[in-house]
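Commentary on secondary and tertiary structure
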Amino acid sequence: MSSFLILTPVLFPILGVLVLLAIKFTSGIKRELKDKLYDYSIFLFTLFSFISMLGFYPAIIRAGEKITLEFPNILLVGITFQLDALSYYLILIISFIWTLIVMYSLDYMKEERSKMRFHLFVLLNFAACIAFFLAGDLLTMFLFFEALTVLSYVLVAHAETQQAIKAANRYIFLSLIGGLGILFAIFVIYNTHGSLAFADIPYITTTTPYLTAAFFLSIFSFGIKAGIFPFHIWLPIAHPAAPSPASAILSGIMIKTGAFGMIRIMYNMYDIEMIRDLNWHIYLMIIAGITIFLGSAGAIFEYDIKRRLAYSSISQIGYIMLGMTFLNYSGVLGNVFHMTAHAAMKACLFMAAGAIMHQTGERDLRRMSGIGKMMPFTMLSFTIAALAMIGLPPLTGFITKWELSMGAIQADHVFYVFLLLLSSLMNLIYYSPIIIAAFFKERDNDSITTERNEVSWKMLTPIVVLALSTFVFDIVPANIPLQLAEKAASILIK
Amino acid sequence: MFNSFGPSVLLLLTTLTPFLGVFLIYFYRNNEDKRSNFLIIITSLVFLQVIALSYLNSNLGVINLRIANVMDRGLYLAITRFDVIFALLISGVWMLATIYAKKYMAGETFQNRFYVSWLITLGGTLGTVLSGDLFTLFIFFEIMSITSYILIVHNQDEEAMSAAKVYLFMAVVGGLAILLGLFLVNHYADTLIFSEIAQNLELTGNMGYVIGLAFLLGFGVKAGMFPVHIWLPKAHPVAPTPASALLSGIMIKTGVYGIIITFHYVFSPTISAHHYLLEFFGQLIVVLGTITMLLGAVLAIFQSNMKAILAYSSVSQVGFILVGVGSAAYLGLAGSIGVESALYHIISHALFKSSLFMIVGYIYLQTHDLNIYHYGGLWKKMPITMVAFIIGMFGIIGMPGFNGFVSKNLLHEALHEAYYFHHLSLLHYAEVIFTFTSSLTVVYFSKLFYHLFLGKESDLTKKIKPEKFSISGMLPFSILAVLVFITGLIPDRLYTWFIKLNESAFTFTEGPEIAEVNIFTKYFIQSSLKAISIGLIIFIFLKFFSIYKIKVPEWLSIEFLIYKPAYNLLFSLSSIFLWLFDKKVNQLQLQAPGFLMKISEGFLKVFDERVNKTQERAPAFLMKISESFLKVFDEKVNNTQEEAPRILIKVSEWISNKFDTEIEEVNIEEKRPVTEGEELEMTDTSLIFFLIKKIYLQFARLNIILGPNRQQSSKERLHKAKKQINNIDSFEDLTCYLYGGRYEGVFWDIKNLDFDLYIALFILLLLIFVLSPVV
């Protein structure tokens, strides 16, 4: 099935950008009205993308179809878009989370400088991100990968301080190097197979040294974006440097693009039986293991709240990568599900951290005792999301942990179960002090907390909604995200 | 249809009622009295529901309910006869504790928070025992673990914070251990439903030991088993007393529940493949239980905080229960007495320990002091409390007629059975320690009782007003005290009502049942009284020397010896890892651009600057080349062309000179008058002479060009030579000119000798060439 309609979620944000510019250059509108129009159009055009995704539910999930769209003459080889269960699932959830983040950013950025630029680039990033997930071949993916890299630079460097620019520079250098690896893979694979498509039946069944190099280079290139060891170094600097909504986007969603690219390479281009025979997955598994432990270890020693969350993201991206390397259904399901579960949890945590910074201007964790009484709803949401991160039942993190561990046992790598459990414990070590200080410690001289001072409802709603989403789906009999994830995983591996 | 559906709905409602109650608290959040009453109603409702369920269970058998899709796998609730005891204890004691809390918590801060977690913990604890598979059990178990943190930390002072931190850490470690076991069981058995696990569990290698140890560790943390008991004596005393009563009386039993589940449902004695595991773990649990009971009792003796004494006593009593559980596992199919005596002691302990905690809390409420040495002579002021305390104490020390007497003697019987099973000497020592610990129980309770109620009235006691019966404060522990007494009197009824199990996992084919043990015989009464009197003697001895006031040094504790180093190890491991893989990699990668830049710089130096310089020089070079090219091909040509007319003129001059002068000369010679023959000869020879002169002139020219430079310019010399040669008019003169050396600097010159040699050689060769045909 082929339809132009699958580009609607990409076109809405672009339309939004045009509308924003039109409003900006229209004279004769009152200042207040203009601000309101900005806010509405930013929010609505993001929301439209999400709603337009809902429309594909019958075709993609019920009927199990795959919608493709080809532009054969662009860039010599032609670019393709496809919407299958995997990309549908990710786009649906991510556009939902993005809408919430946008809603949060309206009030968060109100006092900030150059907020117009920020909002424009958030919309552009959104478009590029969806297009990335829609990519039907490696070339298309590469195009939007680079576009995302460049566009998100603006978000990281937003504060324009020396630190932010340094962080953004490191980010863009590493990401661009990553782009080169993918380009290499494109050349090699196109040269040997004459196709770059993500096929349901993988077509690279034998390997040559060039194809081996292409595999690892492309995996690691996407890994740079995802923040796996040893290319994680940009992450704990860049994520905290960005404004909080951007951190939520970067940590929650942007690093998943890397993981998504890895899945496409591993399951839709290279044959997993060949990977299993050549033991390539073992190397990736070790890398993922190191990433998990490293992220958790790093987070323990950080006292800047956003840096701690950023390190936690490294650890969680290790979970995602680990699930992929077991090469069985449970592992892939854990991987796919955790991409969105982590997006929701981490977006919630970053927005809550941002809310604290917005109200107090403080990011040092040691000075936050008693903040639970100052911002009860924010901190309760933070607590729920953090407990979900630890993987306590009945929260989402537990389902991931369950699936990943079952994958590890089925793949006969019980060691990684221990690692996952150890990482849970370390998650507890670095999340529990925040929660305890927030709710069970009295205000002391050092702390910055004041009397009750909650953020506005526009900022609070997204935080609360995401926190609820970490357990509401688990305690009702229909876990919709998980069912979608099962559909998505089943097209990758039987 | 309705018959089977109705009880299931009730089961679901029972599980959900506490959670739903949480939302209703919101409406009473500002009214303390209404909230407390509401909570009493909710917990009573739960208790009634559980009673109804128990009744239904005894009539209908197992009631179960599967809730598909929740938490991905679906939940499975089931109430069996084994669960009934726990469910009744939990809901009943919880209700009494709620009534007690109304009095105790009055005026406390953070009551809403406390009661929310109170209800969620009730839901978690009840759900744990109402679960029908390991997955559901784990979920409710974790809910209970996490929310009871809030109960422990409630006071928010430093002691509570650190105790709660230790608790949280260990509870989560325990939860993770259970989770590990859960993963493995799920993988090997492919089911988690209690009644189906054992048949499907096919173990390979040492996996059975891993699973068993994981569960034992995980549930052992909650039960307070050695060596993971350390949180218990810290956390139980710091919690508000209603919570302590529940923690000590009820919640640690969920750990025991889990251990029993593990060794009867996961490793079933009815499956012969599991026997080696059960034997191993049976011994292990008995050993750990023995250590736990002895350790708890010994440490309880040295405490001065009354709640801490009770907390250590809980540790010790859990040891007793574990001995029963371990014996049951060890005995396998003959384990009936082990598990049933353990259940009996669980009931006994729940009743008397909750009662004792409430009593102690009630005393604390009057004085706000926990140190027993500050009290004395309370019997005058609080007689009813004292009676209740005595009943509870008689229960715990095993005084005949109270429930502890029955359950402890049954446990002893179970251990005895286990010893007779294989005559393992290890179990014999366990038996000895068992008896000794029973005496130690008497020691620390005598101490507690003596310092609280007997002796002189202290200043603190004098301040206490004589007690009046308060329903909320005193009714709960009074009820419990009565129950302690009743359950001690009717062991047979208790057995048939609750303890006799009928599930397949508890079908024991061999060995005695506890119904066969006649407990009220002289033998048992004698042994109990013996233990009590030994205990009293030890107490008097210790009291006389005040030994029990000694404080055990902190560094001796297992926490400082093992857990803190382990915790620190994790930290140092993390930091080393970070240093290695984060900082170093970071540095390396940060250096990489610098390195790259250096390489680039070097590369630039070689290939850029040089090339640059070369290229910069290239125009100049080109210009030079062009210049020289110009010089050669332009100036010279120019010059040549400029000179060309002049040369032409010169040539023409020369030609004109030559021919004109020659012609002139010829003309002059022709004009010369021929006078003599001599003159004629002269003229004859003159042409030859002229030619020779010309040849010599050319030679001279050659010589001048080729010869060494002189000071004179070649032109001048040529001119000179020309002049001289032209001036020679006779042949002799010419010869002289050649050989005579008169014409110095031209031909004949010592320095120019070689030239003459060439000429000589040339002439010689010429001669030879000319003459050769002749020769």
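Provided above is the structure to which this section pertains.
Described in the following lines is the structure provided in the data block.

Cut-offs and rules
Residues numbered from 1 in each chain as written. Chains lettered and ligands numbered in written order. Predicted model: local features only at pLDDT ≥ 70, side-chain atom pairs only at ≥ 80, totals over all residues. Heavy atoms only, no water. Helix = DSSP H or I, 4+ residues; strand = E, 2+ residues; numbered from the N terminus. Buried < 20%, exposed > 50% of the residue type's maximum accessible area, 1.4 Å probe, protein only. Contact = heavy atoms within 4.5 Å. Areas by Shrake-Rupley, 256 points an atom, 1.4 Å probe, with all protein chains shown as cover. Expected span 1.5 Å × (residues − 1). Polar contact = N/O pair within 3.5 Å; in protein donor to acceptor, adjacent residues only side chain to side chain. Salt bridge = Lys/Arg side-chain N within 4 Å of Asp/Glu carboxyl O. Nonpolar A, V, L, I, M, F, W, Y, C, P; charged D, E, K, R; others polar. Axes fitted to C-alpha atoms, helices over the stretch in contact; angles between N-to-C directions. Parallel < 35°, antiparallel > 145°, perpendicular 65-115°, else oblique. Left-handed = near helix turned anticlockwise from the far one by under 90°.

1. Here we look at the overall build of chain B
The secondary structure content of chain B amounts to 26 helices and two strands. Here chain B holds 775 residues, and 51% of them are scored as buried. Counted over contacts in chain B with a minimum sequence separation of 6, partners at least 24 positions apart contribute 79%. By element, 65% of the accessible surface of chain B is carried by carbon and sulfur atoms, the whole surface being about 36,800 Å².

2. Description of helix 12 (residues 306–331) of chain B
Residue and element names in this part refer to chain B. With 26 residues, helix 12 extends 38 Å between its outermost C-alpha atoms, agreeing within 8% with the 38 Å of an ideal straight helix rising 1.5 Å per residue. Most of helix 12 is tucked away, with 26 of its 26 residues classed as buried. Where helix 12 begins, one side-chain oxygen reaches toward the backbone nitrogen of K307, 2.8 Å away; that side chain belongs to N305. Of the residues one or two after helix 12, G332 is the one with positive phi, at around 65°.

3. Examining the interface of chain A and chain B
Listed by partner, the interface residues are 49 residues for chain A and 46 residues for chain B. Put simply, chain A and chain B have zero salt bridges between them. The interface formed by chain A and chain B holds three residue pairs in polar contact (both at pLDDT 80 or more) in total. If one sorts the elements of the side of chain A that touches chain B by residue count, helix 18 (residues 414–439) of chain A sits on top with twelve residues. The residue inventory of the side of chain A that touches chain B, partitioned by class, reads 35 nonpolar, six polar and eight charged.

4. A look at the packing of helix 4 (residues 85–108) of chain A against helix 19 (residues 457–475) of chain A
All names here are of chain A. Running from N to C, helix 4 and helix 19 cross one another at 155°; their axes reach a closest spacing of 7 Å. The orientation of helix 4 relative to helix 19 falls into the category roughly antiparallel. Helix 19 is crossed by helix 4, and the crossing has left-handed handedness. Taking contact as the criterion, the partners of F96, I97, L100, M103, Y104, D107 and Y108 in helix 4 are, on helix 19, W457, K458, M459, T461, P462, I463, V465 and L466. Here the contact of helix 4 with helix 19 is composed, by residue class, of twelve nonpolar, one polar and two charged.

5. Let's talk about the environment of L168 of chain B
On the secondary structure map, L168 of chain B appears in helix 6 (residues 158–189). With a relative accessible area of 10%, L168 of chain B lands in the buried category. Note: C-alpha distance between L168 of chain B and Y149 of chain B (19 residues apart in sequence) is 6.4 Å. Residues in contact with L168 of chain B, not counting those within four places in the same chain, are L428 and S432 of chain A together with I146 and Y149 of chain B.

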